[in-house]
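# A look at the structure
The chain contents come next:
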Amino acid sequence: MVCEILSVGTELLMGQVANTDAQYISQRLSALGISVYRHTVVGDNVGRLDEALATALSRSDFVITTGGLGPTEDDLTKETVAAHFGLKLIQDEASLIHIRDFAERAGKVMTDNNLKQALIPEGSIIMPNLNGTAPGCIIEKDDKTVAVLPGPPSELKVMFENSLYPYLQKKSGQTLISRYLHIFAGESIVETQLMDLFHLGTPTLALYCSTAETTARLSVMCGMDEDPSPVLDPVENEIRRRMGDALYGEGLTENLPHVVLSLLKERHRKVSFAESCTGGMLASALVDQPGASDVFDESYITYSNEAKQRLLGVNPATLARYGAVSRACAQEMAQGARARSNADYALSVTGIAGPDGGTPEKPVGLVYIGFADKNGAFANEFLFKGDRTDVRTASIKNALNLLRLALLNDNDR
C-alpha cells in the first residue's frame, strides 16, 4: 500500500507552524509496512487543495489529510474531499452531541459555525475526536481511500491511534519491525565498518546521523504474528561485534545521557562538571534524566578566568602562559571540580564556540575536554565544525562519551 500525506494549512507554508503531524504519521505508517513516498503541503484554498488531492490520488492508494477541519470559513478540507468524490455532506447526530457536550464541559458558548463540524461526507467511516470537536472520517470510493484528520497534534494522535491505525492494520496484515542501535561515531566511519551489511536484502540497514553519533536501523517486514528475531538477531549481533564499545545504546528513546546515568548508578559513582563555553549544558543534559540526584551533587560554571581561579583553583600561571582555552587549563579545571565536589569523576569543557573569538592559532570550534578521577587527570583536544550550537552540542556529547568509556572500564565495584 502506498500512502501520501496531504497537509492543509497556510500557516504551514509560511513556516509559522512546524509540520510535526506528517512526521508522526510517517513513523506510524512505517510500522505497518505502508510506504510513504510524498508529503504535500497546500494552503487553505479550495482550488489548490482539490488539485493537490487529485494528484495525490493519481499516484497513491491511500491519502491522509491533516488540518482544515475547524469551524471557520477557511477550514475547507472535509468539504473539498466530499466534493471531489461527489458526496453530500450530512449531519451526524452523534458528532453534533459530542460538539455541544465538549463546548459545555469547557465552559464555552457553542456558536453556529461549530455546527458545520458535525457535517460528514455521506457513507464515510466516522473517527471520533476525543480531544476536540471536529470528527475525522475515512472515505472509500473507486478503489481509493482518503482519511481526513484534524490538524492539532493532540487531537490527531489520539484519533490516529484509536481509529485510523486499527483500520490500516486490518488492511495491511503485516508490520515493519525495526531495531535501533546508537553508535558514537560518524556516519562515514560506521558505513565503512558495515558496508557489506547494506546488501543483505533482508533485513535492511539504514543509517541516520546526528551530531557526533550515528543510529543504525535494522528493519524486516513480517506478518502480524511472525517472530522477526531469526532474521534480525544475527545481523544485530554482527553490528555489535564490529562496533564494539562505540555502540552505546538501543531503541528509539535511548540517548547518551541516559546511558551514562545508568552506568553511574550501576557502579555507585558520582560526577561533577566544570564548564566554560557550554555554560551548564553538560550538567543540564544529565539532570534532564530522571534519577540524576543519585549521581550528581554539584557543578561549576566558570566562564571567566577569575571564576576558574576562584572556584576551581586553576593556576594563574597556567592561564597566563597557555590561556583559558588550552589543554592545561581544561585539565586543572577537571582536577579542581573533582577535589571540591569529592566526586568520583569530574569533566571540564573550555573552548571557543563562536561565532567570534577565534584566531589562527585558536580557531572557532577548538575545544578541550578535561577528565579527572582517582588515577589522575588529562585533557583531549577537539576541533568541531558548525555554528555555536553545533560546537556546544558536540562538546557535551564527547564529554559524556568520555565518561561512558571510563565507566565501562571501572571495575572497582
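Nothing here was measured: the structure is a model prediction, and the numbers come from that model.

Conventions we followed
- Residues numbered from 1 in each chain as written.
- Predicted model: local features only at pLDDT ≥ 70, side-chain atom pairs only at ≥ 80, totals over all residues.
- Heavy atoms only, no water.
- Phe/Tyr/Trp six-rings, centres within 6.5 Å; stacked < 30°, edge-to-face > 60°.
- Helix = DSSP H or I, 4+ residues; strand = E, 2+ residues; numbered from the N terminus.
- Buried < 20%, exposed > 50% of the residue type's maximum accessible area, 1.4 Å probe, protein only.
- Pairing = 2+ DSSP bridges.
- Axes fitted to C-alpha atoms, helices over the stretch in contact; angles between N-to-C directions.
- Salt bridge = Lys/Arg side-chain N within 4 Å of Asp/Glu carboxyl O.
- Expected span 1.5 Å × (residues − 1).
- Arc of directions from axis to C-beta.
- Disulfide = S-S within 2.5 Å.
- Parallel < 35°, antiparallel > 145°, perpendicular 65-115°, else oblique.
- Left-handed = near helix turned anticlockwise from the far one by under 90°.
- Contact = heavy atoms within 4.5 Å.

### Brief notes about the packing of aromatic side chains
For the coordinates displayed, the defined rule picks out six aromatic pairs. Between the aromatic rings of Phe273 and Phe296, the centroid separation amounts to 5.7 Å while the plane-to-plane angle is 35°, which identifies the pairing as tilted. Here Phe296 lies in strand E14 (residues 296-301) and Phe273 lies in strand E13 (residues 271-275), a separation of 23 residues in the sequence. Judged by its relative accessible area of 14%, Phe296 is buried. Considering the side-chain rings of Phe382 and Phe384, the 5.3 Å spacing of their centres and the 15° angle between planes classify their relative orientation as stacked. Among the aromatic residues, those joined into a ring-pair cluster are Tyr24, Phe160 and Tyr165.

### A few points about the sheet that holds strand E9 (residues 174-183)
As summarised here, the arrangement of the four strands in space is E10-E11-E9-E12, forming an open sheet in which the pairing is antiparallel. The open sheet has two edge strands, strand E10 (204-210) and strand E12 (247-250), and neither has a second partner. Averaged over all adjacent pairs, the angle separating strand axes in this sheet is 30°, with direction ignored. Sheet topology note: the E9/E12 ladder contains three bridges and is antiparallel. Among the inter-strand pairings, Ile183 is bridged to a residue of E12, identified as Leu247.

### Side note on the pattern of salt bridges
The final tally for this structure, using the stated rule, is 18 salt bridges. Among the ionic pairs, Glu236 bridges to Arg179, the shortest N-O distance being 2.7 Å. With Glu236 in helix H8 (residues 229-243) and Arg179 in strand E9, the pair connects residues that are 57 residues apart, well separated along the chain. With its nearest N and O atoms 2.7 Å apart, the salt bridge here joins Arg241 to Glu238. Placement of both Arg241 and Glu238 in helix H8 is noted, with a separation of three residues, approximately one turn of the helix. Each of the salt bridges in this network shares a partner with another, and the network as a whole consists of Arg179, Asp233, Glu236, Arg240 and Glu250.

### Some points on helix H13 (residues 327-341)
End to end, H13 covers 21 Å across 15 residues, agreeing with the expected 21 Å (1.5 Å per residue, within 8%). Among all positions in H13, only Cys329, Ala330, Met333, Ala334, Gly336, Ala337 and Ser341 are buried. Angular distribution of buried residues about the axis of H13 spans 165°; they occupy a single face of the element. One or two residues past the end of H13 sits Asn342, with phi positive at roughly 60°.

### Remarks on the sheet that holds strand E2 (residues 35-42)
The six strands lie next to each other as E2-E1-E3-E8-E7-E6, forming an open sheet whose pairing is mixed. Looking at which strands have only one partner, the edges of the open sheet turn out to be E2 and strand E6 (125-127). Adjacent strand axes in the sheet meet at a mean angle of 15°, parallel and antiparallel pairs treated alike. Note that E6 and strand E7 (residues 136-141) share three bridges and pair antiparallel. Following the sheet pairing, Ile126 is matched in E7 by Cys137.

### Remarks on the state of the cysteines
Counted by the stated rule, this structure contains zero disulfides. This cysteine, Cys277, is not joined by any disulfide, and Cys329 carries the nearest cysteine sulfur, 11 Å off. Overall, the relative accessible area of 4% leaves Cys277 in the buried class.

### Looking at the pairing of E10
Two strands pair when backbone bridges link them, and E10 and strand E11 (residues 213-223) are joined in this way by seven bridges, in the antiparallel orientation. Paired with Cys209 across the bridge in E11 is Thr214. Here E10 folds back onto E11 in antiparallel fashion, the turn holding two residues, of which Ala212 has a positive phi close to 70°.

### A few points about the packing of helix H7 (residues 187-194) against H8
The N-to-C vectors of H7 and H8 enclose an angle of 120°; their axes lie 10 Å apart at closest approach. On the basis of the axis angle, H7 is oblique to H8. Judged by the sense of rotation from one axis to the other, the crossing of H7 with H8 is right-handed. Note on element contacts: H8 touches H7 through Ile239, Arg242 and Met243, opposite Val190, Gln193 and Leu194.

### Side note on the environment of Thr350
In this fold, Thr350 is placed in strand E15 (residues 345-351). Between the C-alpha atom of Thr350 and that of Gln331, which follows or precedes it by 19 residues, the distance is 9.9 Å. Once residues lying within four places of it in the same chain are set aside, the contact partners of Thr350 are Ser276, Cys277, Lys308, Ala324, Val325, Ser326, Ala330, Met333, Leu366, Val367 and Tyr368.

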